[in-house]
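Understanding the architecture of this molecule
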Amino acid sequence: YFVTATVSTVSSGGASNNRLKLRNISDSSDIIQSANFGTATSIVGSGVLAGYFTISAAKVIELQQYPSANVTAGGALTTGDVEVYAEVLLVRIGD
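Residues numbered from 1 in each chain as written. Predicted model: local features only at pLDDT ≥ 70, side-chain atom pairs only at ≥ 80, totals over all residues. Heavy atoms only, no water.

Moving on, we get to unusual backbone geometry. Within the chain, S28 stands out as a residue other than glycine whose phi angle is a positive 50°. In this structure, S28 sits in the loop between strand 2 (16–24) and strand 3 (29–33). (Helix = DSSP H or I, 4+ residues; strand = E, 2+ residues; numbered from the N terminus.)

Put into structure tokens, the structure is as follows:
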């Protein structure tokens with residue numbers, strides 16, 4: 001599989017460093033980690049995770065974010081539309 005994931009994040013308590021992780025919940029193991037990315041108070045930051053991985057059976061997989069400070073999932077626009085704070089694309093490669 002090829003995966004790419006993006007998130008938006010905003011800190012409510014000063015500067016924050018963050019990392020994304022694609023985690024195999026079924027086997028309690030990490031699949032892919034992103035590079036660190038940062039954000040500051042009231043400033044929206046974004047992070048990207050991308051990579052290839054192989055699984056041999058059905059698994060529960062979760063996108064996780066690890067912040068170093070108080071962080072929320074992006075800044076709401078409150079327009080009445082659905083708010084999107086993360087996007088994940090999984091592409092199966094081969095058979």
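V3, A5, V7, L20, L22, I32, F37, L49 and F53 form the largest nonpolar core, which has 9 residues in total. The element contributing the most residues to this core is strand 1 (residues 2–11), with 3 residues. With sequence-adjacent residues up to four places away left out, V7 is seen in contact with L20, F37, G45, S46, G47, L63, Q65, Y85 and A86. (Core = buried A, V, L, I, M, F, W, Y, C linked by side-chain atoms within 4.5 Å. Buried < 20%, exposed > 50% of the residue type's maximum accessible area, 1.4 Å probe, protein only. Contact = heavy atoms within 4.5 Å.)

For the coordinates displayed, the defined rule picks out 2 aromatic pairs. Arranged with centres 5.5 Å apart and planes meeting at 20°, the rings of Y1 and F53 form a pair that is stacked. With Y1 in the segment before strand 1 and F53 in the loop between strand 5 (44–52) and strand 6 (61–67), the pair connects residues that are 52 residues apart, well separated along the chain. The interplanar angle of 55° and the centroid separation of 5.0 Å between the aromatic rings of F2 and Y52 together place this pair among those described as tilted. Within this pair, whereas F2 is found in strand 1, its partner Y52 is found in strand 5, the two being separated by 50 residues in sequence. Its relative accessible area of 24% is what places F2 among the partly exposed residues. (Phe/Tyr/Trp six-rings, centres within 6.5 Å; stacked < 30°, edge-to-face > 60°.)

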